[in-house]
Amino acid sequence: MALTTAPGATRRPGRRTPSPQPTAARRAGRGRRVRDNLTGHTFLVGALVCFAVFSWYPMVRGVVMSFQRTRRGETTWVGWDNYARIIADPSFWTAWKNTFVFTGLALVLGYAVPFLVAILLNELRHATGYLRVLVYLPVMLPPASALFLFKFYAYDPSGAGLFNAVLTALGLPTSEWMQSPTMTMPAMVLASTWMNMGGAVLIYLAALQNVPGELYEAAELDGAGLWRRIVHVTVPQTRLILALLAMLQIVATMQLFIEPLILANGAGTQDSATSVAYLIYQHGFFQNDLNGAAALGVIMLVVLAGFSAIYLRLTARQD
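Residues numbered from 1 in each chain as written. Predicted model: local features only at pLDDT ≥ 70, side-chain atom pairs only at ≥ 80, totals over all residues. Heavy atoms only, no water.

Undergrad: I'm lost on the UniProt feature "domain: ABC transmembrane type-1" (unreviewed entry) in the protein chain in this one. Help?
TA: Following the UniProt record, one finds the feature "domain: ABC transmembrane type-1" (unreviewed entry) at residues 96–311. Each end of residues 96–311 is marked by a C-alpha atom, and these two atoms are 21 Å apart; helix forms 74% of the span and strand 0%. (UniProt positions renumbered as here; feature names shortened; annotations may be inferred. Helix = DSSP H or I, 4+ residues; strand = E, 2+ residues; numbered from the N terminus.)

Structure follows, in structure tokens:
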């Protein structure tokens, strides 16, 4: 049925239908989106290939090798024999003990010192840029160069060593440092802290500068001193960064390798510097036991995954 308009009636203007976008402009926009998506997916594929070739495949291959034994080019499946053989080795327990001792000392010294240094730099008002560069400078040095500096200049057991010269000037007994079984771990922790604390200090500084100044002003009005401001304001406001860096510190220190390799020539006096990572290196390259090294690597992977799971569980509860 057709609708007609009565004579003299006013027709209301209808809703205008938007004119279609020109075909050329629509095609250009679609082509631009396709190119952007193609560029993004190309970078993503490159990253995935790199991870697959250099990270995921070696991990899977290492797990497979831990259940195999290769002799004279012949590979056979041996199940859990490699794990049983590695765990029965006395060096296995010595390496884990040394690794946990190093991790514990690193949490006491290498985790607390950067936070305190960051608080000190945050409180200063002059020469802050120069001091930040000075703190971060050791991170820019190659780790091998920094460790050789400690080995031949600071930890020299003779009177020519820097630390022994300072102890002699203070009238204190000197130390053999890396030649002493009791001082090996503290000496390695000291060198590792000096090398790596710069990055943690900068992260802590960024977190401290995001703490609202009103909280410190309110604490000062309540009569809180520096220590109480740190405990009741700084630590609660930066707890997520503290927890994250604590986890990263545990994961990094449990992979202790280059410090014993350079400072203690590997195992150290009476195996005082043998770590799990160095034991993997020893099995793989000195004893030609790649299957045992793979089994030991899988054990370390499981332990680190356990620490990561604990961290995720604790942070989930805090959130």
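Undergrad: Would you mind showing me how to read the pairing of strand β2 (residues 74–77) here?
TA: A regular strand places its side chains so that they alternate between the two faces of the sheet. Here strand β1 (residues 68–71) runs beside β2; their pairing, made up of four bridges, is antiparallel. Paired with T70 across the two strands is T75, which belongs to β2. From the end of β1 to the start of β2, which pair antiparallel, there are two residues, and R72 there has a positive phi angle of about 55°. (Pairing = 2+ DSSP bridges.)

Undergrad: I would appreciate a short explanation of the UniProt feature "transmembrane region" (unreviewed entry) in the protein chain in the present structure.
TA: UniProt records the feature "transmembrane region" (unreviewed entry) for residues 38–57, 100–121, 133–154, 187–207, 238–258 and 293–314 in the present numbering. Helix makes up 100% of residues 38–57 and strand 0%, with an end-to-end C-alpha separation of 26 Å. What you have in residues 100–121 is 95% helix and 0% strand, and the ends, taken at the C-alpha atoms, are 31 Å apart.

Undergrad: Honestly, the packing of aromatic side chains in this entry has me stumped. Any pointers?
TA: Here the structure, examined in full by the defined rule, presents 20 aromatic pairs. Taken together, a centroid distance of 5.2 Å and an interplanar angle of 55° make the contact between W80 and Y83 tilted. For Y83, a relative accessible area of 8% gives the class buried. In this structure an aromatic cluster arises from ring pairing among F150, Y155, F163, W177 and W194. (Phe/Tyr/Trp six-rings, centres within 6.5 Å; stacked < 30°, edge-to-face > 60°. Buried < 20%, exposed > 50% of the residue type's maximum accessible area, 1.4 Å probe, protein only.)

Undergrad: What is the right way to look at empty space enclosed by the protein in this model?
TA: Left-over empty space is what a probe sized like a water molecule reveals as it rolls over the atoms. Under the defined criterion, the tally for this structure stands at one cavity of 30 Å³ or more. The calculated volume of the largest cavity comes to roughly 50 Å³. Every residue lining the largest cavity is listed: I119, N122, E123, L208, Y216, L226, R229, I230 and T234. Elements represented by at least two residues in the lining of the largest cavity include exactly α4 (112–123) and α10 (226–237). Ranked by residues supplied to the lining of the largest cavity, first place goes to α10 with four residues. In terms of residue class, the lining of the largest cavity is built from five nonpolar, two polar and two charged. (1 Å grid on protein atoms, 1.4 Å probe; cavity = no way out; pocket = protein on both sides within 12 Å on 5 of 7 lines; lining within 4 Å. Points joined across faces, edges and corners; volume = space filled by probe spheres on them. Nonpolar A, V, L, I, M, F, W, Y, C, P; charged D, E, K, R; others polar.)

Undergrad: Explain the pattern of salt bridges here, please?
TA: Side-chain pairs of opposite charge can arise whenever the charged atoms involved come near each other. Applying the stated criterion across every chain yields a total of two salt bridges. A salt bridge links D289 to R85; its shortest N-O distance comes to 2.7 Å. Residue D289 is found in the loop between α13 (276–286) and α14 (290–318), and its partner R85 is found in helix α2 (residues 81–88); the two are separated by 204 residues along the sequence. The exposure class of D289 is buried, given its relative accessible area of 7%. (Salt bridge = Lys/Arg side-chain N within 4 Å of Asp/Glu carboxyl O.)

Undergrad: Would you mind showing me how to read the nonpolar core here?
TA: Soluble globular proteins tend to bury their nonpolar side chains together. If you look at the biggest cluster of nonpolar residues, it comprises 20 residues, and the most contacted ones within it are Y155, M178, M188 and L263. Looking at this core, the elements that each hand over two or more residues are α6 (143–154), α8 (184–208) and α12 (258–263). Top contributing element to this core by residue count: α8, with six residues. Excluding residues that lie within four positions of it along the chain, Y155 makes contacts with F150, F163, W177, M178, A187, L190, A191 and L263. Counting 16 residues, the second largest nonpolar core, distinct from the first, contains Y83, F92, A295 and M300. (Core = buried A, V, L, I, M, F, W, Y, C linked by side-chain atoms within 4.5 Å. Contact = heavy atoms within 4.5 Å.)

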